[in-house]
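# Summary of the model geometry
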Number of protein chains: 2
Amino acid sequence: MKVPGRRSFIQKASMGTLMALSIPQLILTAFAEDDAKNKKIPLAKNEIVLFQGDSITDAGRARENFNVNDQKALGNGYAYLATADLLNDNPQKHLKIYNRGISGNKVYQLTERWEEDTFKLEPTVLSILIGVNDFWHMKKHGYSGTLETYRNDYKALLDKTKQKLPDLKLIIGEPFAILGTAVDASWFPAFKEYQEAAKEIANSYNAAFIPYQRIFDNALKLAPGEYWAPDGVHPSIAGARLMATAWLETIKG
Amino acid sequence: MKVPGRRSFIQKASMGTLMALSIPQLILTAFAEDDAKNKKIPLAKNEIVLFQGDSITDAGRARENFNVNDQKALGNGYAYLATADLLNDNPQKHLKIYNRGISGNKVYQLTERWEEDTFKLEPTVLSILIGVNDFWHMKKHGYSGTLETYRNDYKALLDKTKQKLPDLKLIIGEPFAILGTAVDASWFPAFKEYQEAAKEIANSYNAAFIPYQRIFDNALKLAPGEYWAPDGVHPSIAGARLMATAWLETIKG
């Protein structure tokens, strides 16, 4: 093996600096800047991981397919991409991973199907991403729920969950939106109150929190919104991978 | 920020050593041990990347969906997982990525649809994984092609391709099999001749070569074959992610 000379060393150091401004760094920066608690979730053997949420989590999954660790059952969004890394990186942990996101869901709809779609699976790690429809459908589809509805429904759901599954490890994703074909400037700052509510809830329920808004905002420095989420709500492939990498950042070892 | 003490430093160093035996290291080891040329593919702006192959590449893609960078069009196998990383890591490169793998294909079937499924897309980076059916269907389904058919068809296909697209960057994956519900000991060492042919072709056509067999063999040290490819041919989610990570290893910057 050839020993690298000084020039090569400097080139490598310089590449390292460039790489430090890449996607992983963009994500780490978002976590560092966010004022949530940056809690990490330890991943033990035999964990049962469940992804819950709306269309962003659903991501075209085959809803009639109830198999564990199944490609079609996991959809093709961030939940599947994160699962692929979890299963690949932890071949000796015997993880069981499910996705039960359903397109269009608001918090109260999670509550309606919680017994069947969460408790029956007996998750030990539960990841929830919910909130964009609680705001969007109020704005667009005449949904009557308010910020208070969102906050109260979310807390009641987690109270019930913690009571039934006291040792459950919880990951809460920040609902997010960027300007796009479905999102205009009128969303802001009103939507921010929903995001703050999600973060407060994460902190008070001792959940890991993923600051997706800040992560997408940082990503906009690299490419326009169309690249990450054309309609402003639903991530592209690149956006889904961004989310998966951020999600994995909450997992410790 | 607290300066880490010696104990913490040693713990971190020790963690580093453990991580060195993880999936990325397993893959790098396979590349290092393999006697192919370890060529790397530089990824420029505006590359058009095409994945070609059989069911392993196909992986349930929506074949009537011809959109570029589209989740359903890419399936849910290694091609999609590699695409997610490519698009996420290179937001400023304007990559266009397609999958045209078709389940059951042997080399001659690639040839039959090459005009439509390859030349029309004008790829600048072409990834091919083909060969397991050339062997399997001969063994099981009475296909009359031999090792010589595989080698000659593959070379003729690449001759035609290089003539039409002289600047094309080529990635060739090694066909692989591990013991599973569809693969028994009688596959070996006969199948190895097909793998050697693929490697020789990769070397003589100046292609990057992915030593998938060695990678899966190394992965078997971490978990049984059922974990990586239950039938011995079609990868699980963990196996698909293993392949994607290996595929990405052939891409330089």
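About the thresholds
Residues numbered from 1 in each chain as written. Chains lettered and ligands numbered in written order. Predicted model: local features only at pLDDT ≥ 70, side-chain atom pairs only at ≥ 80, totals over all residues. Heavy atoms only, no water. Pairing = 2+ DSSP bridges. Helix = DSSP H or I, 4+ residues; strand = E, 2+ residues; numbered from the N terminus. Axes fitted to C-alpha atoms, helices over the stretch in contact; angles between N-to-C directions. Contact = heavy atoms within 4.5 Å. Parallel < 35°, antiparallel > 145°, perpendicular 65-115°, else oblique. Left-handed = near helix turned anticlockwise from the far one by under 90°. Buried area = accessible area lost by both parts, 1.4 Å probe. Salt bridge = Lys/Arg side-chain N within 4 Å of Asp/Glu carboxyl O. Polar contact = N/O pair within 3.5 Å; in protein donor to acceptor, adjacent residues only side chain to side chain. Nonpolar A, V, L, I, M, F, W, Y, C, P; charged D, E, K, R; others polar. Core = buried A, V, L, I, M, F, W, Y, C linked by side-chain atoms within 4.5 Å. Buried < 20%, exposed > 50% of the residue type's maximum accessible area, 1.4 Å probe, protein only. pLDDT = per-residue confidence, 0-100. Phe/Tyr/Trp six-rings, centres within 6.5 Å; stacked < 30°, edge-to-face > 60°. Lys NZ or Arg CZ within 6 Å of the ring centre and 35° of its normal.

## As for the sheet that holds strand S6 (residues 208-210) of chain B
Residue and element names in this part refer to chain B.
- Pairing is parallel across the open sheet formed by five strands, whose spatial order is S3-S2-S4-S5-S6. Each end of this open sheet is capped by a strand with a single partner; those strands are strand S3 (96-99) and S6. Between one strand and the next, the sheet's axes are offset by a mean angle of 15°, whatever the strand orientation.
- Pairing analysis gives three bridges linking strand S5 (residues 169-173) to S6, with the strands arranged parallel. When the sheet's bridge partners are listed, Gly173 is paired in S6 with Ile210.
- With respect to the sheet, helix H9 (residues 147-164) is in contact with strand S4 (125-129) and S5, its orientation differing from that of S5 by roughly 165°.

## As for the packing of helix H2 (residues 23-33) of chain B against helix H11 (residues 212-219) of chain B
All names here are of chain B.
- With their axes 9 Å apart at the nearest point, H2 and H11 run at an angle of 135° to one another. Our classification of the angle between H2 and H11 gives oblique. The hand of the H2/H11 crossing is right-handed. Where H2 approaches H11, its residues Leu26, Ile27, Thr29, Ala30, Phe31 and Glu33 are matched on the opposing element by Arg214, Ile215, Asn218 and Ala219.

## Some details on the interface of chain A and chain B
- Counting from both sides, the interface comprises 31 residues of chain A and, opposite them, 31 residues of chain B.
- It is Asn76(A), Asn88(A) and Ile237(A) in chain A that bury the most area against chain B; as a group they hold 28% of the surface buried on that side.
- Applying the counting criterion to the chain A and chain B interface returns two salt bridges.
- With a closest N to O distance of 3.5 Å, Arg241(B) and Asp85(A) form a salt bridge.
- In this structure, the connection of chain A to chain B is made through ten residue pairs in polar contact (both at pLDDT 80 or more).
- Mapped by element, the contributors of at least two residues to the side of chain A that touches chain B are helix H4 (78-89), helix H11 (225-228) and helix H12 (237-249) of chain A.
- Ranked by residues supplied to the side of chain A that touches chain B, first place goes to H4(A) with eight residues.
- Considering only residue class, the side of chain A that touches chain B consists of 15 nonpolar, eleven polar and five charged.

## What about the side chain of Arg151(B)?
Residue and element names in this part refer to chain B.
- As for its placement among the helices and strands, Arg151 is situated in helix H9.
- A polar contact is formed between the side chain of Arg151 and the side chain of Glu148, at a distance of 2.5 Å.
- Not counting residues within four places of it along the chain, the set of residues in contact with Arg151 comprises Ala197, Glu200 and Ile201.

## Structural notes on the nonpolar core
- Of all hydrophobic cores here, the largest spans 166 residues; its most connected members are Tyr212(A), Trp247(A), Tyr212(B) and Trp247(B).
- Apart from residues lying up to four places away in sequence, Tyr212(A) is in contact with Tyr78(A), Leu129(A), Gly173(A), Glu174(A), Phe176(A), Met243(A), Ala246(A) and Trp247(A).

## A look at the packing of H4(A) against H12(A)
Residues and elements named next belong to chain A.
- Close contact between H4 and H12 brings their axes to 8 Å; oriented N to C, the two are set at 50°. Viewed along their axes, H4 and H12 adopt a mutual orientation that is oblique. Considering only the axes of H4 and H12, their crossing is right-handed. Where H4 approaches H12, its residues Tyr78, Leu81, Ala82, Asp85 and Leu86 are matched on the opposing element by Ala240, Arg241, Met243, Ala244, Trp247 and Leu248.
- Here the contact of H4 with H12 is composed, by residue class, of nine nonpolar, no polar and two charged.

## Quick word on the pattern of salt bridges
Residue and element names in this part refer to chain A.
- For the coordinates displayed, the defined rule picks out 30 salt bridges over all chains.
- Residues Lys199 and Asp35 are paired through a salt bridge, measuring 2.6 Å at the closest nitrogen-oxygen approach. With Lys199 in helix H9 (residues 190-204) and Asp35 in the loop between helix H2 (23-33) and strand S1 (41-42), this pair connects stretches of sequence that are 164 residues apart.
- The class for Lys199 is buried, based on a relative accessible area of 8%.
- Take Asp35: its relative accessible area is 56%, and that puts it in the exposed class.
- If you follow the salt bridges from partner to partner, you end up with Glu33, Asp34, Asp35, Lys199 and Arg214 in one network.

## Digging into the confidence of the model for chain A
Residues and elements named next belong to chain A.
- Per-residue pLDDT for chain A has a mean of 91; in total, 91% of the residues score no lower than 70.
- Residue range residues 1-20 is modelled with pLDDT below 50. Its contacts to residues more than four positions away, or to other chains, number one contact.
- Reported for the predicted complex are a pTM of 0.91 and an ipTM of 0.90.

## Focus on the packing of aromatic side chains
All names here are of chain A.
- As enumerated under the stated definition, the model contains 31 aromatic pairs over all chains in all.
- With a centroid separation of 5.4 Å and 70° between ring planes, the pair formed by Phe135 and Tyr194 is classed as edge-to-face. Here Phe135, found in helix H7 (residues 132-140), pairs with Tyr194, found in helix H9; they are 59 residues apart in sequence, far enough to count as distant.
- Overall, Phe135 belongs to the buried group, its relative accessible area being 3%.
- Plain terms: the ring middles of Phe176 and Phe216 are 4.4 Å apart, the flat faces sit at 15° to each other, and that makes the pair stacked. Highlighted residues: Phe176 in the loop between strand S5 (169-173) and H9 and Phe216 in helix H10 (residues 212-219), separated in sequence by 40 residues.
- Above the ring of Tyr143, the side-chain terminus of Lys106 is found at 5.1 Å from the ring centroid.

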